[in-house]
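Below are the chains, spelled out letter by letter.
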Amino acid sequence: MYDFCGIGNACIDIVARIDDVFLDMWKFPKGVCTYLSLERANALEKALMAPEYIPGGCAANTAACITTLGGSAALIGCVAQDAIGERFLKDMRDRNIHFTGTPRTDHAIGSTRIFCLTTPDAERTFAAYYGAQEDLSTGDLDETTIAQSHFLYLDGYALNARQGENVFLTAAGMSKKAGQSVVFSPSDLSILSVHEEAVSRIITTTDVLLCNEQEALTLAKTDHIETALNIFRKRHRYGAITIGAKGVIVFDQEGTHHVPAAVPPGPVVDTNGAGDSFAGGFLYAMAKGYDTIRAAVLGNMCAASVITHYGARPVT
């Protein structure tokens, strides 16, 4: 049995410091994301001085938090048979996360990677090659793993795959058939606008909702968080809405409760991955029989810990 099975992007974040001349040479608009071909992504990687490779992807980050806590986790995603894919798979093995996929052997497809380029003014510019994740399909679903997982976690970013909606709905059916619980996290506000119709169908299969405050208001089509909570309590068994430094609001069939944020154990250096770590702590606790309030306390502690170091995953 697994506590968690995530469907999400299998990617590597490539982090490097560059200058404005480099941005001009590559014609990257400062502060925004440019989408790349495989050829250009490979060329950019070679052009960077001492880049840092950080395995990423929201569902993968959440899985890493769960195994760090002592839980069991699996991940469904796509990588290519290349150096980037092997970096990702090595991290999965090192963290004892069961990755169900088989690397794509088509040399025209590379593994997904996100470049984070920081200039001396501390502004970040992104470039992305989506790659193998675009090909995620129902053929990548491992029904045995899904059926054996307490939670099936649907990471909204995976909806960017060409068959993303069909993958989510098919996987949700497998989870429901086995009597397990389906969790949906939009992962980013843009997912709710780009994939609005797909999200509306996925929401009907969702037992547990995890999102931030702005995502909650958008999902509920309201400006009032109390209205959103009333809608969610009728639609989902339980869930959590993170509200930044103020902590989280949890809800279930009995009501709602505010759980204050945890105090970080050190200086805050990188808030990337805080939401993923909250999800990991919260779902691990729920899988172990905690109530939503105690689960949120653990989730907040995990979020507070991960923001004291660079990278979106717990330090091993």
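As shown above, the structure is provided for reference.
Bear in mind the structure is a predicted one, so any value in this text is a computation, not a measurement.

Undergrad: I'd like a description of the pattern of salt bridges, backed by residues and values.
TA: With the rule as written, the count across this model stands at 15 salt bridges. Here D207 makes a salt bridge to R237, at a shortest N to O gap of 3.6 Å. Note that D207 is positioned in the loop between α8 (196-203) and β11 (208-212) and R237 in the loop between α10 (225-235) and β12 (238-242), a separation of 30 residues in sequence. Using a relative accessible area of 39% as the deciding quantity, one classes R237 as partly exposed. The network of salt bridges with common partners includes D20, K30 and D121.

Undergrad: Any chance you could break down helix α4 (residues 83-94) for me, citing the residues and the numbers?
TA: Between its terminal C-alpha atoms α4 stretches 16 Å, which fits the 16 Å expected from 12 residues at 1.5 Å a residue. Inspection of α4 places I84, G85, F88, L89, D91 and M92 among the buried residues, and these make up the whole buried set. Projected down its long axis, α4 shows its buried positions confined to an angular sector of 155 degrees, all on one face. The exposed residues of α4 that point more than 90 degrees off its buried face are A83, R93 and D94. With its phi angle positive at about 60 degrees, N96 sits one or two positions after the end of α4.

Undergrad: Outline the nonpolar core, supporting the account with residue identities and numerical values.
TA: Core analysis: the biggest nonpolar cluster contains 57 residues, and L44, L48, F88, F115, L117, L210 and F282 have the highest contact counts within it. No other element matches helix α11 (residues 274-287), which puts 8 residues into this core. Core analysis: the next-biggest nonpolar cluster, separate from the first, contains 40 residues, L159, A171, F232 and F251 among them.

Undergrad: How would you sum up the side chain of T100? Please name residues and give values.
TA: Summarising the element assignment, T100 is placed in the loop between β6 (97-99) and β7 (112-118). Each residue touching T100, except ones within four places of it in the same chain, is listed here: L75, I76, D140, D142 and T145.

Undergrad: So what about a nonpolar patch on the surface? Which residues, and what values?
TA: Together, I293, V297 and M301 make up a nonpolar patch on the protein surface, roughly 250 Å² of accessible area in all. On the secondary structure map, V297 appears in helix α12 (residues 292-306). The partly exposed category is assigned to V297, whose relative accessible area is 38%.

Undergrad: Kindly report on the packing of aromatic side chains, identifying the contributing residues and their values.
TA: Under the defined criterion, the tally for this structure stands at 7 aromatic pairs. Between F22 and W26 the ring centres are 6.0 Å apart and the planes differ by 25 degrees, which places this aromatic pair in the stacked class. In this pair, F22 and W26 both sit in helix α1 (residues 20-26), 4 residues apart, roughly one turn of the helix. Here F22 falls in the buried class, since its relative accessible area comes to 11%. Overall, the relative accessible area of 12% leaves W26 in the buried class. Over the ring of Y53 we find R87, and its NZ or CZ is 3.7 Å from the ring centre. Sitting over the face of the ring of Y290, R294 holds its NZ or CZ atom 4.2 Å from the ring centroid.

Undergrad: I'd like a description of the environment of Q253, backed by residues and values.
TA: The residue Q253 is located in the loop between β13 (248-252) and β14 (255-259) in this model. According to the relative accessible area criterion, Q253 is exposed, its value standing at 51%. The sequence separation of Q253 and S200 amounts to 53 residues, and the corresponding C-alpha distance is 21 Å. Excluding its chain neighbours within four sequence positions, the residues that come into contact with Q253 are R233, H236 and R237. Here H236 takes part through its backbone oxygen, which lies 2.8 Å from a polar atom of the side chain of Q253.

Definitions and cut-offs
- Residues numbered from 1 in each chain as written.
- Predicted model: local features only at pLDDT ≥ 70, side-chain atom pairs only at ≥ 80, totals over all residues.
- Heavy atoms only, no water.
- Salt bridge = Lys/Arg side-chain N within 4 Å of Asp/Glu carboxyl O.
- Helix = DSSP H or I, 4+ residues; strand = E, 2+ residues; numbered from the N terminus.
- Buried < 20%, exposed > 50% of the residue type's maximum accessible area, 1.4 Å probe, protein only.
- Expected span 1.5 Å × (residues − 1).
- Arc of directions from axis to C-beta.
- Core = buried A, V, L, I, M, F, W, Y, C linked by side-chain atoms within 4.5 Å.
- Contact = heavy atoms within 4.5 Å.
- Patch = residues over 30% accessible without salt bridge, like charges linked within 9 Å, V, L, I, M, F, W, Y side chains within 5 Å.
- Areas by Shrake-Rupley, 256 points an atom, 1.4 Å probe, with all protein chains shown as cover.
- Phe/Tyr/Trp six-rings, centres within 6.5 Å; stacked < 30°, edge-to-face > 60°.
- Lys NZ or Arg CZ within 6 Å of the ring centre and 35° of its normal.
- Polar contact = N/O pair within 3.5 Å; in protein donor to acceptor, adjacent residues only side chain to side chain.

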